[in-house]
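One-letter residues, chain by chain:
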Amino acid sequence: IAGYSQVIVVVSAMGDMTNELMTLAHQVSKNPQEREQDMLISVGERISMALLAMALKDRGHDAISLTGSQSGIITCSRHSDARIVAIRPNRLIQHMKEGKIVIVAGFQGVSETKEITTLGRGGSDTSAVALGVALKACKVEFYKDVKGVYSEDPKKGKGELFSNLNYDKALNLSKKSAFILHSRAISLASKNRVPLHVLSFRKDEREAFPGTWIEDGRSRARGKDSV
(Lines give C-alpha, C1' and ligand atoms only; values in the text may rest on other atoms or scores of the structure.)
Protein backbone atom coordinates (compact mmCIF):
# COMPACT_ATOMS: atom_id res chain seq x y z
CA ILE A 1 0.00 0.00 0.00
CA ALA A 2 1.47 3.35 -1.01
CA GLY A 3 2.87 5.16 1.99
CA TYR A 4 2.92 2.15 4.29
CA SER A 5 6.24 0.32 4.63
CA GLN A 6 4.95 -2.58 6.68
CA VAL A 7 5.03 -6.33 6.85
CA ILE A 8 1.99 -8.61 6.81
CA VAL A 9 2.68 -12.05 8.25
CA VAL A 10 0.91 -15.13 6.88
CA VAL A 11 1.27 -18.18 9.11
CA SER A 12 0.85 -21.92 8.70
CA ALA A 13 -0.10 -24.48 11.32
CA MET A 14 2.72 -25.62 13.58
CA GLY A 15 4.56 -28.86 12.87
CA ASP A 16 2.27 -31.77 12.00
CA MET A 17 -0.85 -30.18 13.49
CA THR A 18 -2.89 -30.35 10.28
CA ASN A 19 -2.15 -34.08 9.93
CA GLU A 20 -2.95 -34.61 13.59
CA LEU A 21 -6.30 -32.86 13.17
CA MET A 22 -7.06 -34.99 10.12
CA THR A 23 -6.25 -38.12 12.13
CA LEU A 24 -8.58 -36.92 14.88
CA ALA A 25 -11.37 -36.41 12.34
CA HIS A 26 -11.01 -39.99 11.10
CA GLN A 27 -11.04 -41.29 14.64
CA VAL A 28 -14.59 -40.03 15.09
CA SER A 29 -15.86 -40.49 11.54
CA LYS A 30 -15.05 -43.01 8.82
CA ASN A 31 -15.87 -40.42 6.18
CA PRO A 32 -15.71 -36.89 7.64
CA GLN A 33 -18.01 -34.36 6.01
CA GLU A 34 -15.84 -31.91 4.09
CA ARG A 35 -17.49 -28.85 5.59
CA GLU A 36 -16.81 -29.99 9.14
CA GLN A 37 -13.33 -31.15 8.20
CA ASP A 38 -12.50 -27.64 6.96
CA MET A 39 -13.86 -26.16 10.17
CA LEU A 40 -11.54 -28.47 12.09
CA ILE A 41 -8.27 -28.23 10.18
CA SER A 42 -8.48 -24.44 9.80
CA VAL A 43 -7.90 -24.29 13.57
CA GLY A 44 -4.18 -25.00 13.16
CA GLU A 45 -3.44 -21.68 11.49
CA ARG A 46 -5.65 -19.80 13.94
CA ILE A 47 -3.61 -21.18 16.82
CA SER A 48 -0.39 -20.02 15.16
CA MET A 49 -1.66 -16.51 14.43
CA ALA A 50 -2.99 -15.91 17.94
CA LEU A 51 0.17 -17.17 19.65
CA LEU A 52 2.39 -15.03 17.41
CA ALA A 53 0.29 -11.94 18.10
CA MET A 54 0.58 -12.58 21.86
CA ALA A 55 4.35 -13.03 21.61
CA LEU A 56 4.79 -9.82 19.62
CA LYS A 57 2.64 -7.83 22.03
CA ASP A 58 4.76 -9.04 24.95
CA ARG A 59 7.75 -7.60 23.09
CA GLY A 60 6.13 -4.21 22.78
CA HIS A 61 4.75 -4.49 19.23
CA ASP A 62 1.16 -3.63 18.32
CA ALA A 63 0.00 -6.79 16.55
CA ILE A 64 -3.37 -8.25 15.65
CA SER A 65 -4.34 -11.65 14.24
CA LEU A 66 -6.99 -12.20 11.56
CA THR A 67 -8.49 -15.35 10.10
CA GLY A 68 -8.59 -15.81 6.36
CA SER A 69 -12.22 -14.70 6.29
CA GLN A 70 -11.53 -11.64 8.44
CA SER A 71 -8.73 -10.73 6.02
CA GLY A 72 -11.12 -10.80 3.08
CA ILE A 73 -9.88 -13.96 1.35
CA ILE A 74 -12.90 -15.04 -0.70
CA THR A 75 -12.93 -18.49 -2.28
CA CYS A 76 -15.12 -20.74 -4.37
CA SER A 77 -17.49 -23.05 -2.49
CA ARG A 78 -15.35 -26.19 -2.86
CA HIS A 79 -14.11 -27.58 0.45
CA SER A 80 -10.60 -28.98 1.09
CA ASP A 81 -9.18 -27.60 -2.17
CA ALA A 82 -10.84 -24.21 -2.68
CA ARG A 83 -9.59 -21.58 -5.13
CA ILE A 84 -9.27 -17.90 -4.23
CA VAL A 85 -11.65 -15.81 -6.33
CA ALA A 86 -11.23 -12.38 -4.70
CA ILE A 87 -9.41 -10.48 -1.98
CA ARG A 88 -11.34 -7.81 -0.05
CA PRO A 89 -8.75 -6.63 2.49
CA ASN A 90 -10.61 -3.61 3.90
CA ARG A 91 -10.19 -4.61 7.53
CA LEU A 92 -6.57 -5.59 7.00
CA ILE A 93 -5.79 -2.22 5.39
CA GLN A 94 -7.39 -0.35 8.28
CA HIS A 95 -5.18 -2.14 10.80
CA MET A 96 -2.13 -1.36 8.65
CA LYS A 97 -3.05 2.32 8.64
CA GLU A 98 -3.19 2.12 12.43
CA GLY A 99 0.43 0.93 12.40
CA LYS A 100 -0.32 -2.63 13.53
CA ILE A 101 1.54 -5.77 12.52
CA VAL A 102 -1.16 -7.86 10.87
CA ILE A 103 -0.90 -11.64 11.19
CA VAL A 104 -3.10 -13.64 8.82
CA ALA A 105 -4.05 -17.30 9.04
CA GLY A 106 -2.98 -18.88 5.75
CA PHE A 107 -4.51 -21.92 4.05
CA GLN A 108 -8.08 -20.72 4.55
CA GLY A 109 -10.77 -18.36 3.38
CA VAL A 110 -14.52 -17.97 3.22
CA SER A 111 -16.90 -18.70 0.37
CA GLU A 112 -19.51 -16.30 -0.98
CA THR A 113 -22.06 -18.27 1.08
CA LYS A 114 -20.03 -17.58 4.25
CA GLU A 115 -18.67 -21.11 4.66
CA ILE A 116 -15.11 -21.63 5.96
CA THR A 117 -12.95 -23.26 3.29
CA THR A 118 -9.36 -24.51 3.09
CA LEU A 119 -7.07 -24.19 0.09
CA GLY A 120 -5.37 -27.58 0.03
CA ARG A 121 -1.68 -28.34 -0.31
CA GLY A 122 0.47 -25.19 -0.38
CA GLY A 123 -2.48 -23.11 0.73
CA SER A 124 -0.55 -20.78 3.03
CA ASP A 125 1.93 -19.96 0.25
CA THR A 126 -0.97 -19.18 -2.07
CA SER A 127 -2.63 -17.02 0.60
CA ALA A 128 0.55 -14.98 0.97
CA VAL A 129 0.95 -14.36 -2.75
CA ALA A 130 -2.74 -13.50 -3.20
CA LEU A 131 -2.52 -10.93 -0.41
CA GLY A 132 0.73 -9.60 -1.88
CA VAL A 133 -0.99 -9.09 -5.23
CA ALA A 134 -4.05 -7.42 -3.70
CA LEU A 135 -1.97 -5.06 -1.55
CA LYS A 136 0.58 -4.35 -4.30
CA ALA A 137 3.44 -5.62 -2.15
CA CYS A 138 6.92 -5.22 -3.60
CA LYS A 139 7.80 -8.82 -2.70
CA VAL A 140 6.59 -11.92 -0.89
CA GLU A 141 9.05 -13.64 1.44
CA PHE A 142 8.82 -17.30 2.46
CA TYR A 143 10.69 -18.42 5.58
CA LYS A 144 11.31 -22.17 5.32
CA ASP A 145 13.37 -24.88 7.01
CA VAL A 146 15.86 -24.89 4.11
CA LYS A 147 18.34 -22.31 2.79
CA GLY A 148 16.44 -21.70 -0.43
CA VAL A 149 15.27 -23.49 -3.58
CA TYR A 150 17.14 -26.64 -4.62
CA SER A 151 17.09 -28.65 -7.83
CA GLU A 152 16.42 -31.78 -5.77
CA ASP A 153 14.93 -32.56 -2.36
CA PRO A 154 17.66 -31.23 0.00
CA LYS A 155 16.67 -33.78 2.63
CA LYS A 156 17.45 -36.67 0.28
CA GLY A 157 20.39 -35.39 -1.72
CA LYS A 158 22.59 -32.39 -2.25
CA GLY A 159 21.15 -30.92 -5.43
CA GLU A 160 21.87 -27.42 -6.70
CA LEU A 161 21.00 -24.46 -4.48
CA PHE A 162 19.77 -21.58 -6.64
CA SER A 163 20.35 -17.89 -5.96
CA ASN A 164 17.91 -16.81 -8.69
CA LEU A 165 15.20 -18.46 -10.77
CA ASN A 166 12.71 -17.15 -13.27
CA TYR A 167 9.04 -18.06 -12.88
CA ASP A 168 9.04 -20.66 -15.67
CA LYS A 169 12.02 -22.53 -14.21
CA ALA A 170 10.44 -22.44 -10.75
CA LEU A 171 7.15 -23.77 -12.15
CA ASN A 172 8.97 -26.65 -13.82
CA LEU A 173 10.74 -27.48 -10.57
CA SER A 174 7.46 -27.27 -8.65
CA LYS A 175 6.25 -30.41 -10.43
CA LYS A 176 8.60 -32.33 -8.15
CA SER A 177 6.78 -33.53 -5.03
CA ALA A 178 9.30 -32.14 -2.55
CA PHE A 179 9.48 -28.63 -4.07
CA ILE A 180 9.40 -25.91 -1.44
CA LEU A 181 6.56 -23.82 -2.98
CA HIS A 182 3.28 -24.88 -4.52
CA SER A 183 2.78 -24.28 -8.24
CA ARG A 184 -0.39 -22.23 -7.60
CA ALA A 185 1.59 -19.67 -5.61
CA ILE A 186 4.25 -19.43 -8.31
CA SER A 187 1.69 -19.13 -11.11
CA LEU A 188 -0.11 -16.33 -9.31
CA ALA A 189 3.15 -14.49 -8.70
CA SER A 190 4.17 -14.93 -12.34
CA LYS A 191 0.85 -13.61 -13.64
CA ASN A 192 1.17 -10.49 -11.48
CA ARG A 193 4.99 -10.14 -11.64
CA VAL A 194 5.46 -10.24 -7.87
CA PRO A 195 9.03 -11.16 -6.80
CA LEU A 196 9.26 -14.15 -4.45
CA HIS A 197 12.10 -14.62 -1.97
CA VAL A 198 12.63 -18.03 -0.34
CA LEU A 199 14.98 -18.04 2.64
CA SER A 200 15.70 -19.90 5.86
CA PHE A 201 14.02 -19.03 9.14
CA ARG A 202 17.37 -19.70 10.84
CA LYS A 203 19.45 -16.55 11.20
CA ASP A 204 22.81 -18.31 10.79
CA GLU A 205 21.69 -19.90 7.52
CA ARG A 206 20.39 -16.57 6.19
CA GLU A 207 23.74 -14.99 6.99
CA ALA A 208 25.53 -17.78 5.12
CA PHE A 209 23.16 -17.79 2.13
CA PRO A 210 20.70 -14.97 1.35
CA GLY A 211 18.05 -17.24 -0.15
CA THR A 212 16.55 -17.71 -3.60
CA TRP A 213 14.81 -14.99 -5.62
CA ILE A 214 12.09 -16.02 -8.08
CA GLU A 215 11.36 -13.23 -10.55
CA ASP A 216 12.08 -12.03 -14.09
CA GLY A 217 12.84 -8.82 -15.93
CA ARG A 218 9.24 -7.65 -15.76
CA SER A 219 8.82 -8.14 -12.00
CA ARG A 220 7.97 -5.28 -9.70
CA ALA A 221 10.88 -3.44 -8.16
CA ARG A 222 11.88 -4.94 -4.84
CA GLY A 223 11.11 -2.71 -1.89
CA LYS A 224 10.24 -2.64 1.80
CA ASP A 225 6.55 -3.47 1.58
CA SER A 226 6.30 -7.23 1.87
CA VAL A 227 4.12 -10.17 2.84
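This is a predicted model, so every value here is computed, not measured.

As a further point, take the nonpolar core. Within the largest apolar cluster, 20 residues are counted, with the highest numbers of intra-cluster contacts made by Val129, Phe142, Val149, Leu181, Leu196 and Ile214. Of all the secondary structure elements, the ones that give two or more residues to this core are helix H5 (123–134), strand E8 (140–144), helix H6 (167–173), helix H7 (183–192) and strand E12 (196–200).

Turning to the sheet that holds strand E3 (residues 73–75), a few remarks are in order. With respect to topology, four strands assemble into an open sheet ordered E4-E3-E6-E7, the strand pairing being mixed. Strands at the two margins of the open sheet, each flanked by one partner only, are strand E4 (84–87) and strand E7 (116–118). Each neighbouring strand pair of the sheet contributes to a mean axis angle of 45°, computed without reference to strand direction. Bridge analysis of E3 against strand E6 (residues 108–111) gives two bridges, and the strand direction is parallel. Across the sheet, residue Ile74 finds its bridge partner in E6, namely Val110. Contacts from H5 reach E3, E4 and E6 within the one sheet, and its direction differs from that of E4 by about 40°.

Glancing now at the sheet that holds strand E5 (residues 101–105). Spatially, the three strands line up as an open sheet ordered E1-E5-E2, and their pairing is parallel. Every other strand in the sheet has two partners, leaving strand E1 (8–11) and strand E2 (63–66) as the edge strands with one partner each. The average undirected angle you get between the axes of adjacent strands in this sheet is 20°. As paired elements, E2 and E5 share four bridges and run parallel to each other. Bridge pairing links Ser65 to Ile103 in E5.

Moving on, we come to unusual backbone geometry. Here the phi dihedral of Lys136 falls at roughly 55°; this positive angle occurs in a residue that is not glycine. Structurally, the position occupied by Lys136 is in the loop between H5 and E8. Residue classification places Lys136 among the exposed positions, given a relative accessible area of 61%. Its identity as a non-glycine residue notwithstanding, Arg193 has a phi of 55°, on the positive side. Turning to its location among the elements, Arg193 is positioned in the loop between H7 and E12.

What follows deals with the packing of helix H1 (residues 17–28) against helix H2 (residues 34–41). Remark: H1 packs on H2, axes separated minimally by 9 Å, with the N-to-C direction vectors making an angle of 140°. When the axes of H1 and H2 are compared, the pair comes out oblique. Crossing hand, H1 versus H2: right-handed. The segment H1 lies against H2, with Thr18, Leu21, Met22, Ala25 and His26 engaging Gln37, Leu40 and Ile41. In terms of residue class, the contact of H1 with H2 is made up of five nonpolar, three polar and no charged.

In a regular helix each residue adds 1.5 Å, so 12 residues correspond to 16 Å; H1 covers 17 Å between its end C-alpha atoms and thus fits that length. What H1 keeps buried is the set Met17, Leu21 and Ala25. Taken end-on, H1 shows its buried residues confined to a sector of 85°, consistent with a single buried face. More than 90 degrees from the buried face of H1, the exposed residues found are Asn19, Glu20 and Gln27. Turning to H1, the residues buried within the fold contact H2 and helix H3 (43–58).

Turning our eyes to something else, we now look at the side chain of Thr67. Tracing the backbone through its elements, the reader meets Thr67 in the loop between E2 and E3. A polar side-chain atom of Thr67 sits 3.0 Å from a polar atom in the side chain of Ser69. Once you skip the residues sitting within four places of it in the chain, Thr67 turns out to touch Arg46, Met49, Val104, Ala105 and Gln108.

Here we come to a nonpolar patch on the surface. A grouping of Met14, Ile47, Leu51 and Met54 is seen on the molecular surface, where their side chains present a nonpolar patch of about 360 Å² in accessible area. The residue Ile47 is located in helix H3 in this model. For Ile47, a relative accessible area of 31% corresponds to the partly exposed category.

About the criteria used
Residues numbered from 1 in each chain as written. Predicted model: local features only at pLDDT ≥ 70, side-chain atom pairs only at ≥ 80, totals over all residues. Heavy atoms only, no water. Core = buried A, V, L, I, M, F, W, Y, C linked by side-chain atoms within 4.5 Å. Buried < 20%, exposed > 50% of the residue type's maximum accessible area, 1.4 Å probe, protein only. Helix = DSSP H or I, 4+ residues; strand = E, 2+ residues; numbered from the N terminus. Pairing = 2+ DSSP bridges. Axes fitted to C-alpha atoms, helices over the stretch in contact; angles between N-to-C directions. Contact = heavy atoms within 4.5 Å. Parallel < 35°, antiparallel > 145°, perpendicular 65-115°, else oblique. Left-handed = near helix turned anticlockwise from the far one by under 90°. Nonpolar A, V, L, I, M, F, W, Y, C, P; charged D, E, K, R; others polar. Expected span 1.5 Å × (residues − 1). Arc of directions from axis to C-beta. Polar contact = N/O pair within 3.5 Å; in protein donor to acceptor, adjacent residues only side chain to side chain. Patch = residues over 30% accessible without salt bridge, like charges linked within 9 Å, V, L, I, M, F, W, Y side chains within 5 Å. Areas by Shrake-Rupley, 256 points an atom, 1.4 Å probe, with all protein chains shown as cover. Salt bridge = Lys/Arg side-chain N within 4 Å of Asp/Glu carboxyl O.

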